[in-house]
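Observations on the model geometry
Chain by chain, the residues:
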Amino acid sequence: MTDAPSGQNVKLQSADDKDFEVSVEVASMSVTIKNMLEDLSPDSDTPIPLPNVSGKILDKVIDYCKYHYEHPTPSSDDKKDAGEKRTDDIIPVSYTHLRAHETP
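The rules behind these values
Residues numbered from 1 in each chain as written. Predicted model: local features only at pLDDT ≥ 70, side-chain atom pairs only at ≥ 80, totals over all residues. Heavy atoms only, no water. Helix = DSSP H or I, 4+ residues; strand = E, 2+ residues; numbered from the N terminus. Pairing = 2+ DSSP bridges. Contact = heavy atoms within 4.5 Å. Axes fitted to C-alpha atoms, helices over the stretch in contact; angles between N-to-C directions. Buried < 20%, exposed > 50% of the residue type's maximum accessible area, 1.4 Å probe, protein only.

So, on to unusual backbone geometry. Positioned with a positive phi, Asp-17 is a non-glycine residue whose angle comes to about 60°. Within the element layout of this structure, Asp-17 appears in the loop between strand 1 (9-13) and strand 2 (19-23).

What follows covers the pairing of strand 2. The pairing of strand 1 with strand 2 spans five bridges and is antiparallel. Across the sheet, the residue bridging to Val-10 is Val-22, located in strand 2.

The next subject is the sheet that holds strand 1. Taking strand neighbours across the sheet as the criterion, the three strands line up as 2-1-3 in an open arrangement whose pairing is mixed. At either margin of the open sheet sits one strand with a lone partner, and together these are strand 2 and strand 3 (48-49). Packed onto the sheet, helix 3 (residues 55-70) meets strand 1 and strand 2 and runs at close to 10° relative to strand 2.

Here strand 1 shows one buried face, formed by Val-10 and Leu-12, and one open face, formed by Asn-9, Lys-11 and Gln-13. In this structure, the hairpin formed by strand 1 and strand 2 is closed by a connection of five residues, where Asp-17 is found at a positive phi of approximately 60°. Here two bridges tie strand 1 to strand 3, and the two strands are oriented parallel to one another. Paired with Gln-13 across the two strands is Pro-49, which belongs to strand 3.

Here it is as structure tokens:
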């Protein structure tokens, strides 16, 4: 089902029998759900049961997946193209300071 057409939805069912309908692309952001989708037939309309996840938590997981689907992390090539590596967030520390915390 990973080769499902864009815009196709899947139903997820929480432990407290709440149903959530999300796009396959968003649901596939979760590796667990992605693996479950691969086991289903492409035209299956049955909800995917998630017996260990409450509706409240599943709602948060879906929000997380939506956010990361809409805001993907740049690949390492994109980071290289962005310019120099940042070093302004590195705290300068002297070697003698580090050695002072070693146990003899």
